[in-house]
Amino acid sequence: MPVPEPGYGVENLPYGIVRFGDGSPRAAVRVGDYAIDLDALGLQSVPDGTFAQPSLNAFIALGRGAWTEVREELVRFIEEGLHAEHATAVGHVESLLPIEVGDYVDFYASIEHASNVGRMFRPDAEPLLPNWKHLPVGYHGRAGTVVVSGTPIRRPMGQRPPAEPGGAPTFGPEPRLDIELELGFVCGDGPALGTPIDANDAREHLFGCVLVNDWSARAIQRWEYVPLGPFLGKSFATSISPWIVPFDALEPYLVDGPEQDPAPLDYLRVDAPSALDLPLEVILNDTVVSRTNASHLYWNAAQMLAHMTVNGATVRAGDLFASGTISGPDRGSLGSLLELSWGGRDTIETTRGERTFLEDGDTVVLRGGHGLVSMGEVSGTVVSAEG
Ligand code: MN
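Report follows, based on the coordinates. Small disclaimer: the values here were computed from a predicted structure and weren't measured.

Side note on the overall build of the chain
Counting secondary structure elements, the chain contains eight helices and 26 strands. Computed over the C-alpha atoms, the radius of gyration of the chain is 21 Å, within 12% of the 21 Å expected from 2.2 N^0.38 for a compact globule of 387 residues. In terms of overall dimensions, the chain has C-alpha extents of about 70 × 50 × 35 Å along its principal axes. A buried classification covers 54% of the 387 residues belonging to the chain. The long-range share in the chain, meaning contacts at least 24 apart out of those at least 6 apart in sequence, stands at 72%.

Some thoughts on the environment of Pro-25
Its place among the elements puts Pro-25 in the loop between strand E1 (15–20) and strand E2 (26–31). Note: C-alpha distance between Pro-25 and Gln-53 (28 residues apart in sequence) is 6.6 Å. Once residues within four sequence positions are removed from consideration, Pro-25 is found in contact with Ile-17, Val-18, Arg-19, Gln-53, Pro-54 and Leu-96.

So, the coordination of the manganese ion
In this structure, Asp-106 (OD), Glu-180 (OE), Glu-182 (OE) and Asp-214 (OD) serve as the protein donors to the manganese ion, at separations of 2.1 to 2.2 Å. Mapping the donors of the manganese ion onto the primary sequence gives the spacing D-x73-E-x1-E-x31-D. With a gap of 108 residues between them, Asp-106 in strand E6 (residues 104–107) and Asp-214 in the loop between strand E14 (206–213) and strand E15 (216–217) connect regions that are remote in the sequence. An identical accessibility class is assigned to Asp-106 and Asp-214; each is buried.

Here's the deal with unusual backbone geometry
Of the consecutive residues Val-226 and Pro-227, the connecting peptide bond is found in the cis state with omega at 5 degrees. Among the secondary structure elements, Pro-227 is positioned in the loop between helix H5 (218–224) and strand E16 (238–240). Cis geometry marks the peptide bond from Asp-261 to Pro-262; its omega dihedral reads 10 degrees. Mapped onto the secondary structure, Pro-262 falls in the loop between strand E18 (254–255) and strand E19 (275–276). Positioned with a positive phi, Asn-285 is a non-glycine residue whose angle comes to about 50 degrees. Among the secondary structure elements, Asn-285 is positioned in the loop between strand E20 (279–284) and strand E21 (287–293). Given the relative accessible area of 4%, Asn-285 is considered buried. Residues other than glycine seldom take positive phi values, yet Trp-342 does so here, at roughly 45 degrees. Within the element layout of this structure, Trp-342 appears in the loop between helix H8 (337–340) and strand E23 (348–350). Residue classification places Trp-342 among the partly exposed residues on the basis of a relative accessible area of 24%.

Some words on helix H7 (residues 301–309)
By the criterion of burial, H7 is predominantly enclosed, with nine of the nine residues buried. Taken as a whole, H7 has its buried residues at Ala-301, Ala-302, Gln-303, Met-304, Leu-305, Ala-306, His-307, Met-308 and Thr-309. Among the residues of H7, the N-terminal cap falls to Asn-300, whose side-chain oxygen and the backbone nitrogen of Ala-302 are separated by 3.1 Å.

Examining the sheet that holds strand E25 (residues 363–369)
Pairing is mixed across the open sheet formed by five strands, whose spatial order is E9-E26-E25-E20-E21. Sheet topology places strand E9 (153–154) and E21 at the edges, where each strand pairs with a single neighbour. The sheet contact formed by E20 and E21 spans six bridges and is antiparallel. Residue pairing for E21: Ile-283 is matched across the bridge by Val-288.

Side note on the pairing of E2
Of all six residues that make up E2, six are buried, and the element is covered over most of its length. Two strands pair when backbone bridges link them, and E1 and E2 are joined in this way by four bridges, in the antiparallel orientation. Following the sheet pairing, Val-18 is matched in E2 by Arg-26. The hairpin turn running from E1 into E2, its antiparallel successor, is five residues long, and Gly-21 in that turn takes a positive phi close to 60 degrees. Two elements, E2 and strand E3 (residues 34–37), share four bridges in a ladder whose sense is antiparallel.

Considerations on the side chain of Ser-235
Its location among the elements puts Ser-235 in the loop between H5 and E16. Residues in contact with Ser-235, not counting those within four places in the same chain, are Arg-142 and Thr-145.

Quick look at a negative patch on the surface
A surface patch of like charges, here negative, comprises Asp-198, Asp-201, Glu-204 and Asp-271. Mapped onto the fold, Asp-201 is located in the loop between strand E13 (181–187) and E14. Given the relative accessible area of 40%, Asp-201 is considered partly exposed.

Side note on the layout of surface pockets
Empty pockets left among the atoms are what a rolling probe the size of a water molecule brings to light. Taken as a whole, the largest pocket encloses approximately 750 Å³ of empty space. Lining the largest pocket are 33 residues, with Tyr-108, Val-137, Gln-221, Tyr-225 and Pro-230 positioned closest to its centre. Sorting the residues of the lining of the largest pocket by element identifies E6, helix H4 (111–121), strand E7 (138–140) and H5 as the ones contributing at least two each. The element best represented in the lining of the largest pocket is H4, accounting for five residues. The residue makeup of the lining of the largest pocket, split by class, is 17 nonpolar, eight polar and eight charged.

A closer look at the packing of aromatic side chains
Under the criterion given, the structure shown has 10 aromatic pairs. Site record: aromatic cluster; members linked through ring pairs are Tyr-15, Phe-51, Phe-59, Trp-67 and Phe-207. Arg-30 extends its terminal NZ or CZ atom over the ring of Tyr-8, reaching a point 3.7 Å from the ring centre.

Cut-off values and rules
- Residues numbered from 1 in each chain as written.
- Predicted model: local features only at pLDDT ≥ 70, side-chain atom pairs only at ≥ 80, totals over all residues.
- Heavy atoms only, no water.
- Helix = DSSP H or I, 4+ residues; strand = E, 2+ residues; numbered from the N terminus.
- Rg over C-alpha atoms; globule rule 2.2 N^0.38 Å.
- Buried < 20%, exposed > 50% of the residue type's maximum accessible area, 1.4 Å probe, protein only.
- Contact = heavy atoms within 4.5 Å.
- Donors = N, O, S within 2.8 Å, 3.2 Å for Na, K, Ca; no water.
- Polar contact = N/O pair within 3.5 Å; in protein donor to acceptor, adjacent residues only side chain to side chain.
- Pairing = 2+ DSSP bridges.
- Patch = residues over 30% accessible without salt bridge, like charges linked within 9 Å, V, L, I, M, F, W, Y side chains within 5 Å.
- Areas by Shrake-Rupley, 256 points an atom, 1.4 Å probe, with all protein chains shown as cover.
- Salt bridge = Lys/Arg side-chain N within 4 Å of Asp/Glu carboxyl O.
- Lys, Arg positive; Asp, Glu negative; His and termini not counted.
- Charge placed at Lys NZ, Arg CZ, Asp CG, Glu CD.
- 1 Å grid on protein atoms, 1.4 Å probe; cavity = no way out; pocket = protein on both sides within 12 Å on 5 of 7 lines; lining within 4 Å.
- Points joined across faces, edges and corners; volume = space filled by probe spheres on them.
- Nonpolar A, V, L, I, M, F, W, Y, C, P; charged D, E, K, R; others polar.
- Phe/Tyr/Trp six-rings, centres within 6.5 Å; stacked < 30°, edge-to-face > 60°.
- Lys NZ or Arg CZ within 6 Å of the ring centre and 35° of its normal.

As structure tokens, then:
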């Protein structure tokens, strides 16, 4: 096999579900520009058939011990030289949704994003609501509409806010279709119902990481969100990157996050560095419109998982939770068009013309990672509401 591409050597080894030729979907690991059929390798560390399945859930359910053993076995295979018959160029396989998503939660963990949204929507009040620095704010999203990168995104129809206060809403295509640049975390099984996950044990239950585009319908969202939060403005589609980067591969990029002041309650305290230094980019119609880093996030994944289970709620293998929009402190480091256009006031230059929000035919690509560990990309093209 040729030398692996940067970002996909033994340091990474991300997992996906692919279709080789016209075969049935099965698990694969990406090495360089190749997808390796995991079932065909006959790994010793998992039961037979674990990888001959249309999702990674069975593998993820085996738990951290198996994740580590498989990774070690794969490194040995690669160092001994993989056989060409197990490898197919990634350009010649179809990448599918890698997990059957159980529950899906989206957080709101970026202080810059939450402050920007607060400034736009509540200009006369404190940008952050009183709870924000005490808990990672989140909501339960729609697991069944999580789709893999490349899936076309139909502009949603829905109720738009009245033009005048006290007026009637209108119905039609969403005029302010937006993106949200986020990181997603794929969970393994947690403890039994009623038992929280300690923030310092979160790593035991975090299988891997994907890029997430939380497509957002801002007009629908604005009209519907009070008092119960996001609903149809978010549930029409959430795209994820096809290759799940194992949390083990991200270990070298764990860093201290921003200082948390006031100090969070005990159950949200984490001893080890738990923020992720991951450079990220937003590309709209082939134009890089934002560059940021996941290390800006105020709340980290360990804290999100601890908070999500502190009431005794369970997590199951294949559950997904996302960070919320990742924005940095500068104008060029914002993770949504809502912020980049400052509520539609400013335009954003792209190769298809100036934009505030998305037009039909626009393509958004989110990319991330380091030279040794690529997060890959998640892309999507907007199709008209009429289809
Ligand atoms: Mn979001």
